[in-house]
Each structure stands twice: as structure tokens, then as C-alpha cells.
Amino acid sequence: MKKVMIVALALSLSAASVSCKKGMDKIGNAVLKAGENESQAIIDFNNDFLDSYKSSSRYIENIVKYAEAAVKKSKGETVYSMPVIISSMDYALSKIKEVPSGFEKDKPLVEADFNTYKTKKESIGKKFEELKSYITSEDYKDDKGAKAEALKKDIDAEAQAFFTAGENILTKIKPATDAAEEVILKDHPMKEFILSSKTLMSSMDSVIEVLDKQYAGGFNEAEAQKKYDEFEKVVADNSKKVFNVKEQQYAYKKTQFESVNQKASDFLDKFRKLIRDSKSTGKIPDRNIQEMDSAYESVLNSYNSFVK
């Protein structure tokens, strides 16, 4: 499953004092010069897009799987149950009214990719409904599955365009997002804990990338164990931190910070199980990768609650 890397925060600028930082790159200086409102607009866009991409990616991936099953079924192969597609309730996408000007020269490029992202998602949804009707009515008995093959080809191509646009957006907005993050966190009371937890999330994303590769291409115990050891150290370092933020308004964040670390520990439990179960066959079982996906989502949800 495609994982959307966490690259920004959902904190309010009112929680931090803004000051200039020497050595910022060109776009970073532009963000600082633009002030609080533009920085917040950049953070809001990034967070809303990440929320949209996360939910929509799962939706698109499931449609791709449905199309694969539809072709098999239309060709007379045994398909015990068709994948269930739950409509994407993408509230985050509706919150994005425009691409912030803080992205400067990259704004037109971001807008172009964003329009592609929206257009492809809508088109894939329509093609899925058409394919679903075709399968439900068993119209494939009339054309021997020709329409299913054509729709699958279109869905695959548009899904690739959708994911390419999404990744392009994340890459293009990162410099401005990082600069806006520095503005917000410059004097924030929770800066130490937020940044260390962000490091934890980045390390976990690295784990998932390796496991996704091995799930498709074969289990490599040495590589998996190395990733386990790296992530275990990051989790241990973050868990050792004493949440000593004195401001009363952040007192409730202590429990949320501890939840991030507990969920990360649970992720490690599932990781050890995966390594043990995969060694004998040289292949990661479906159930194990599914458990890792679920554990990942739990850490991600705890992290999002903590930084908001």
C-alpha cells in the first residue's frame, strides 16, 4: 500500500512567535517575508492535501484491485468475492480553495498537478461505477470481457497519473512547507517533542518502503532486521524523552505524546512477528503486511492528534 509521508504540522501560528532565521534558502526567506498568514496558508494547504492524498490513495488502490478482479471474472475465472469499494469521503479536498502564493514560482506547477490530481480521481471514480454496473449486470457475457479489459487499462493509466501528480505536489511544496514549519516552531514550547516525533514518523515510513519492496520481490531478513534495529532505536530515544512542557495549555499533549510512542512500540511488535513468519518461506505473508499497514495507521493517527 502506498504510504503518504508526513512532512508538515497542523499547529496554529498563534502558538508560536515568529522571528527571522539566518541561512534560510530563497523560498524560505520569501515565506518569512510573507508573514504569518502566508505561512499558515502553506501549512493548511499541505495538511489538507496530505489528508486528501491519504484517503484518496486507498480509494484509488482499491478500485485498481476491483478492476483486476473484474477482468478475471469477465473471462470466466473464479473470483470468490469482488473487492468492496467504499466511497472516498474526501472532506479535506473540499477545504482547498486555492494554491497559496507562498509557493512562488512553483505555484503554477503545483496548480497544474493539483488539477490533474482532482481530474483523475473524478474520472477513475466514474469509470469504476461504469465497470461495477457492467459486472453487476453480467454484460460481460455479451462481449466476453472486452469492456472490462478496456476500462481496466484506462483505470490503470489514470491511477498512475493520479499518483504521479500527488508525488509531484509533495515534492514541489516541501521547501515552502519546511520554511513555514520553521516559522511556526521557532519558539514553540513543544518544538523538541514535535521534531523528534516527526523523525520517528520518517523512520517508520522508511520501514514501510522496505517492507513494501520485499512484499513484492522477496523477503530479505538482513535488510529487514537492519530496519527494525534502526526504528527500535528511534522509538527508544523518543520514549525516553520526559514531556516537561510547563505551559498548562499543552498539559493534555503529554498523553498524546506517550500514545505515539506506545503505538510505535506496537508497530515494532508486529515487525518482529513479520520477520519471524517470513524467514522460513522467504516471502512476507499477506496477513503480516496487513498487520503492518494497520499498525502504521495507528501510529499515524496518534501522531496527527499530537501535532494538531
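Residues numbered from 1 in each chain as written. Predicted model: local features only at pLDDT ≥ 70, side-chain atom pairs only at ≥ 80, totals over all residues. Heavy atoms only, no water.

Quick look at the packing of helix 8 (residues 221–240) against helix 9 (residues 253–279)
In contact at an axis separation of 10 Å, helix 8 and helix 9 are set at 165 degrees when each is read in the N-to-C sense. It follows from the interaxial angle that helix 8 and helix 9 lie roughly antiparallel. Judged by the twist between their axes, the crossing of helix 8 over helix 9 is left-handed. Along the contact surface, helix 8 presents Glu-221, Ala-224, Gln-225, Lys-227, Tyr-228, Phe-231, Glu-232, Val-235, Asn-238 and Ser-239, while helix 9 presents Phe-257, Asn-261, Ala-264, Ser-265, Phe-267, Leu-268, Phe-271, Arg-272, Ile-275 and Lys-279. For the contact of helix 8 with helix 9, a count of residues per class yields 10 nonpolar, five polar and five charged. (Axes fitted to C-alpha atoms, helices over the stretch in contact; angles between N-to-C directions. Helix = DSSP H or I, 4+ residues; strand = E, 2+ residues; numbered from the N terminus. Parallel < 35°, antiparallel > 145°, perpendicular 65-115°, else oblique. Left-handed = near helix turned anticlockwise from the far one by under 90°. Contact = heavy atoms within 4.5 Å. Nonpolar A, V, L, I, M, F, W, Y, C, P; charged D, E, K, R; others polar.)

Description of helix 7 (residues 191–217)
Along its 27 residues, helix 7 runs 39 Å from first to last C-alpha, staying within 8% of the 39 Å computed at 1.5 Å per residue. Gly-218 sits one or two residues past helix 7 and shows a positive phi near 120 degrees. (Expected span 1.5 Å × (residues − 1).)

Observations concerning the environment of Arg-287
Tracing the backbone through its elements, the reader meets Arg-287 in helix 10 (residues 286–307). Classification of Arg-287 by relative accessible area gives partly exposed; the value is 48%. Look past the residues within four positions of Arg-287 in its chain and what remains in contact with it is Lys-273 and Asp-277. (Buried < 20%, exposed > 50% of the residue type's maximum accessible area, 1.4 Å probe, protein only.)

A look at the packing of aromatic side chains
Evaluated as defined, the whole model comprises 22 aromatic pairs. Where Phe-49 meets Phe-114, the ring centres are 6.4 Å apart and the plane angle is 70 degrees; that geometry is what we call edge-to-face. With Phe-49 in helix 2 (residues 36–74) and Phe-114 in helix 4 (residues 107–136), this residue pair connects regions lying 65 residues apart in the sequence. An identical accessibility class is assigned to Phe-49 and Phe-114; each is buried. Taken together, the ring pairs in this structure connect Phe-45, Phe-49, Tyr-53, Phe-103, Phe-114, Tyr-117, Phe-162 and Phe-163 into an aromatic cluster. (Phe/Tyr/Trp six-rings, centres within 6.5 Å; stacked < 30°, edge-to-face > 60°.)

Here we look at unusual backbone geometry
Unlike most non-glycine residues, Glu-104 shows phi in positive territory, near 50 degrees. Looking at where Glu-104 falls in the secondary structure, it is placed in the loop between helix 3 (91–95) and helix 4. Phi is positive for Glu-138, which is not a glycine, with a value near 60 degrees. You can see Glu-138 is positioned in the loop between helix 4 and helix 5 (140–143). A relative accessible area of 35% places Glu-138 in the partly exposed class.

Brief notes about the nonpolar core
Phe-45, Phe-49, Tyr-117, Leu-131 and Ile-169 are the most contacted members of the largest nonpolar core, which totals 41 residues. Elements with a minimum of two residues in this core: helix 2, helix 4 and helix 6 (146–185). The leading source of residues in this core is helix 2, at 14 residues. Once you skip the residues sitting within four places of it in the chain, Leu-131 turns out to touch Tyr-66, Ala-67, Ala-70, Ala-148, Leu-151 and Ile-155. Counting 37 residues, the second largest nonpolar core, distinct from the first, contains Ala-224, Val-234, Phe-267 and Leu-274. (Core = buried A, V, L, I, M, F, W, Y, C linked by side-chain atoms within 4.5 Å.)

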